[in-house]
Amino acid sequence: MKRFTAALAAILCLIMTGCAGDSDNSPSGNAETEATSPPPSITDPVGISKETRGTESITEESSSTLNENIPEESVPDEPTSDTQTVDIPAADVTKQIAAFDNTFLGLPSVDKVYIFSDAGKSAEIDGRVCGAVSCYDEHEGTLYYMCDFYISPDGSRVYRYYEQEERFAILPEEQLTRLDPVRQSLDDIFSASAKLYNMFHPYSNGAVDGIDYEADPTEINGETYFPVTNTTIDSKAMLLDALDRYFSGEIVTALMDTNKFIEQDGILYVRDCAEAGSNPTLEHIERKLTELTDNTAVFTEHITYQYEAGETEVKEIVYTAEKQNGLWRFTDYTAPWTLY
């Protein structure tokens, strides 16, 4: 019995010693706590702190790499508040006009090289201050003035100035129109009709586009003529068609009888003209449509002239247009230059 009791005591001692050894050999003193504690929340500040540090590190590395690869001079400067707006130099305005082709500008010869020069002036057109560029045709070393063009500061709008009508026409222009007092504006009616009528001015070819002064002059009926190379009107048939759009047959016949234009061997020629003395300056024109019926339109024009002595004079012109075969034409037309 004593031996049995001693053996039982020895076995219990061994069991207790083994349990203590398992506890001492555990890898961590709080292994169980780690296993049973909940995972950190996604809003845990520690988690955010770790993400933020990683992002800043990546950003700094990327920025450093970009700065190493991009040359310093290729990085544009930041705009400053004291940046000043500089007007386009006159030379740039001239280049802008020269960049347009002759067809767009309405110049007579498509392939000819015209001379452009800063006119040293400007005008406000449609709310824009436009710079002026003068156009010249060169012939045998002499420059012949043709017209002035005006271009907006951004180059998006180009105008041609018609000195006799005192008007600006936005380009490109419609080449040939027809008289219609119901739909056309007064400026459109008289700019087109005056240009055609002024082509027959006895002492000026300023309204004639496309005179080829580089060609050898041709003598016809004892007078000197030059060929007309304007692609819009370069034949007698085209000239008659253009005149028929605004004038009655009687007016067209009277103009053609002046022999200002003659066609020979299929070529349209215009008589060479020399300016005759000085003319008064046309200061102001006021136009009104004073009467309009189904078949008749009457226009009244008051023109203010200024003479060299400083005196001014106002003259009145009355124009009459009639509907003939369904088409409007002037039957009574007096050009301002015929009054002096």
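As the structure is a computational prediction, the values presented were derived from the model and not from experiment. Here the residue numbers are simple positions, counted from 1 along each chain's written sequence. For this predicted model, a pLDDT threshold of at least 70 governs which residues receive local features, and a threshold of 80 or more governs which side-chain atom pairs are given and counted, while totals over whole chains, interfaces and linings are taken from all residues. Side-chain numbers here rest on the full set of heavy atoms in the structure, without hydrogens or water.

## Remarks on the confidence of the model for the protein
Turning to step 1, where the next piece is worked out: pLDDT measures how confident the predictor is about each residue, on a scale from 0 to 100. With 70% of its residues at a pLDDT of at least 70, the protein reaches an overall mean of 77.
Turning to step 2, where the next piece is worked out: Every residue in residues 19-71 is under pLDDT 50, and counting partners more than four places away or in other chains gives two contacts.
Turning to step 3, where the next piece is worked out: Note on residues 78-86: pLDDT under 50 across the span, and zero contacts to partners over four residues away in sequence or across chains. We call two residues in contact when some of their heavy atoms are within 4.5 Å.

## Some remarks on the side chain of S248
Turning to step 1, where the next piece is worked out: For S248, the location among the structural elements is in the loop between α7 (236-244) and α8 (249-256).
Turning to step 2, where the next piece is worked out: Burial classes follow relative accessibility: with a 1.4 Å probe on protein chains only, a residue under 20% of its type's maximum area counts as buried, one over 50% as exposed, and anything between as partly exposed. Residue S248 is classed as buried on the basis of its relative accessible area of 2%. Counting from the N terminus, the helices are DSSP H or I runs at least four residues long and the strands are E runs at least two residues long.

## Here's the deal with the sheet that holds strand β2 (residues 128-139)
Turning to step 1, where the next piece is worked out: A sheet is described by the order of its strands in space; here five strands give the open sequence β1-β2-β3-β4-β5, paired in antiparallel fashion. Each edge of the sheet is formed by a strand with only one pairing partner; in this case those strands are β1 (115-125) and β5 (167-170). Recorded for the sheet is a direction-independent mean angle of 35 degrees between the axes of neighbouring strands.
Turning to step 2, where the next piece is worked out: Two strands pair when backbone bridges link them, and strand β4 (residues 158-162) and β5 are joined in this way by four bridges, in the antiparallel orientation. Each residue of the ladder has a partner; that of Y159, found in β5, is I170. If DSSP finds at least two bridges between two strands, the strands pair. Angular values range over 0 to 180 degrees, each being the angle between N-to-C directions of two axes fitted as lines to C-alpha atoms, with helices fitted over their stretch in contact.

## Quick notes on unusual backbone geometry
Turning to step 1, where the next piece is worked out: Cis geometry marks the peptide bond from L171 to P172, where omega comes out at 0 degrees.
Turning to step 2, where the next piece is worked out: The topology assignment puts P172 in the loop between β5 and α6 (186-198).
Turning to step 3, where the next piece is worked out: A positive phi angle, close to 50 degrees, is found at D126, a residue other than glycine.
Turning to step 4, where the next piece is worked out: Here D126 is to be found in the loop between β1 and β2.
Turning to step 5, where the next piece is worked out: In this structure D126 comes out as exposed when scored by relative accessible area, which is 53%.
Turning to step 6, where the next piece is worked out: With a phi angle near 55 degrees, N325 is a residue other than glycine that sits in the positive phi range.
Turning to step 7, where the next piece is worked out: You can see N325 is positioned in the loop between β12 (312-324) and β13 (327-332).

## What about α8?
Turning to step 1, where the next piece is worked out: Listed in full, the buried residues belonging to α8 are I251, V252, L255 and M256. For α8, the buried positions fall inside an angular range of 130 degrees around the axis, keeping them on one side.
Turning to step 2, where the next piece is worked out: Elements that come into contact with the buried residues of α8 comprise α6, α7, β8 (261-264) and β13. Directions are taken from the helix axis to each C-beta atom, and the arc is the one they span.

## Topic: the packing of aromatic side chains
Turning to step 1, where the next piece is worked out: Classification of ring pairs rests on two measures: the distance between centres of Phe, Tyr or Trp rings, Trp counted by its six-membered ring, which must be within 6.5 Å, and the angle between planes, read as stacked under 30 degrees, edge-to-face over 60 and tilted in between. In the structure shown here, the tally under the stated rule is 20 aromatic pairs.
Turning to step 2, where the next piece is worked out: Taking 5.2 Å as the distance between ring centres and 10 degrees as the angle between the ring planes, the aromatic pair formed by Y144 and Y213 counts as stacked. Placement of Y144 in strand β3 (residues 142-151) and of Y213 in the loop between α6 and β6 (218-220) is noted, with a sequence separation of 69 residues between them.
Turning to step 3, where the next piece is worked out: Plain terms: the ring middles of Y319 and Y333 are 5.0 Å apart, the flat faces sit at 55 degrees to each other, and that makes the pair tilted. One end of the pair, Y319, is in strand β12; the other, Y333, is in the segment after β13, with 14 residues separating them in the sequence. The residues Y319 and Y333 share a single accessibility class, namely buried.
Turning to step 4, where the next piece is worked out: Taken together through their ring pairs, the aromatic side chains of F190, Y197, F247, F299, Y319, F330 and Y333 make up a single cluster.

## Thoughts on the environment of T312
Turning to step 1, where the next piece is worked out: Looking at the secondary structure, you find T312 in strand β12.
Turning to step 2, where the next piece is worked out: Classification of T312 as exposed rests on a relative accessible area of 56%.
Turning to step 3, where the next piece is worked out: In this structure the C-alpha to C-alpha distance between T312 and L282, which are 30 residues apart in sequence, comes to 9.6 Å.
Turning to step 4, where the next piece is worked out: When sequence neighbours within four positions are dropped, the list of residues in contact with T312 reads T304, Y305 and Q306.

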